[in-house]
Amino acid sequence: MDTAHGADPAPGTDPRAIPAPARAAPHAAAALGFGLRPGDDGRLRVHPVPDTASLTGNGPYVVVRPGAGDPGRARDAAYGAGLVTRLCDAGHRVVVTGGPDEAALTRAATGDAAVDLGGRSGPRALAGGLNSADLLVTASAGPAHLAAAVGTPAVGPERNRPGPESVVREAANALTADR
């Protein structure tokens, strides 16, 4: 994800550990003349988070979102399928999500290896699914913001479009990092 903007993290904190939306929120509020309420740490939140176990099954799992609203960030079905296959081969249960217009993409990316929620989960259900997930893999900013709001780490290919294997390595690192 593009994390070039936002606040400086506390000394000793890896800037990549703080989602860009969370780092930018205080600056955006201040620019508009707003401050945080007393006791508000500025963290993004979704409340209440819906229970989506009927859609996703019980955890642990990794959510993959191959599509994106920005066509320059979206991945094709072959890329998504390669990513899902590599994550499954690494021992992860995978749930693939996408909007109503991405059902064909998610179906192709899912294959027989993952749970396909393409076109079957709106923003609230996505937030619930992300809340129960161990990780989100996406190049799309919207789902990354929802992941930040429920406290789920997100990784994704940057604009230079690395292959699925490099994203799987980044996912493995994120899954083993202290949260």
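Residues numbered from 1 in each chain as written. Predicted model: local features only at pLDDT ≥ 70, side-chain atom pairs only at ≥ 80, totals over all residues. Heavy atoms only, no water.

Enquirer: So what exactly am I meant to see when it comes to the overall build of the protein chain here?
Expert: The helix and strand tally for the protein chain stands at 7 helices and 5 strands. For the protein chain, the proportion of its 179 residues judged to be buried stands at 37%. Contacts in the protein chain between residues at least 24 apart in sequence constitute 60% of all its contacts with a sequence separation of at least 6. (Helix = DSSP H or I, 4+ residues; strand = E, 2+ residues; numbered from the N terminus. Buried < 20%, exposed > 50% of the residue type's maximum accessible area, 1.4 Å probe, protein only. Contact = heavy atoms within 4.5 Å.)

Enquirer: Help me out: how do you make sense of the nonpolar core in this one?
Expert: One broad rule of soluble globular proteins: the nonpolar side chains tend to lie buried together. Core analysis: the biggest nonpolar cluster contains 16 residues, and Val64, Leu83, Leu87, Val94, Leu135 and Val137 have the highest contact counts within it. Every residue in contact with valine 64, bar those within four places of it in the chain, is listed here: Leu83, Val84, Leu87, Val94, Val95, Val96, Thr97 and Val137. The next biggest cluster of nonpolar side chains, apart from the first, holds 13 residues, and it includes Tyr61, Leu117, Leu130 and Ala149. (Core = buried A, V, L, I, M, F, W, Y, C linked by side-chain atoms within 4.5 Å.)

Enquirer: Sorry if this is basic, but what is going on with the packing of aromatic side chains here?
Expert: Note on aromatic pairs: each is described by the distance of the centres and the angle between the planes. For the coordinates displayed, the defined rule picks out 0 aromatic pairs. The ring of tyrosine 79 has arginine 75 lying over it, and the distance from NZ or CZ to the ring centre is 5.4 Å. (Phe/Tyr/Trp six-rings, centres within 6.5 Å; stacked < 30°, edge-to-face > 60°. Lys NZ or Arg CZ within 6 Å of the ring centre and 35° of its normal.)

Enquirer: In this structure, what is going on with the packing of helix 3 (residues 77-89) against helix 4 (residues 103-110)? I would like to understand it.
Expert: The description of two helices packed together rests on the angle between their axes and the distance between the axes. In the contact formed by helix 3 and helix 4, the axes pass within 7 Å of each other and the chain directions differ by 40°. By the angle between their axes, helix 3 is oblique relative to helix 4. As for how helix 3 packs across helix 4, the hand of that crossing is right-handed. Within the contact between the two elements, helix 3 uses Ala77, Gly80, Ala81 and Val84 and helix 4 uses Leu105, Ala108, Ala109 and Thr110. (Axes fitted to C-alpha atoms, helices over the stretch in contact; angles between N-to-C directions. Parallel < 35°, antiparallel > 145°, perpendicular 65-115°, else oblique. Left-handed = near helix turned anticlockwise from the far one by under 90°.)

Enquirer: Looking at this model, I keep getting lost on the confidence of the model for the protein chain. Mind explaining?
Expert: Interpretation of the predicted coordinates at a detailed level should be avoided for regions scoring low in pLDDT. Model confidence for the protein chain is summarised by a mean pLDDT of 81, while 82% of its residues fall at 70 or above. Every residue in residues 1-7 is under pLDDT 50, and counting partners more than four places away or in other chains gives 22 contacts. (pLDDT = per-residue confidence, 0-100.)

Enquirer: Just checking my understanding: could you explain the sheet that holds strand 2 (residues 94-96) for this structure?
Expert: In a beta sheet, neighbouring strands pair by backbone hydrogen bonds and run either parallel or antiparallel. The strand order across the open sheet formed by 5 strands is 3-2-1-4-5, and the pairing between neighbours is parallel. Strands at the two margins of the open sheet, each flanked by one partner only, are strand 3 (115-116) and strand 5 (154-155). Here strand 2 pairs with strand 3 via 2 bridges, running parallel. Residue pairing in the sheet places valine 96 in a bridge with aspartate 116 of strand 3. In the packing of helix 6 (residues 141-150) onto the sheet, contacts are made with strand 1 (62-65), strand 4 (135-138) and strand 5, and the angle to strand 4 comes to roughly 165°. (Pairing = 2+ DSSP bridges.)

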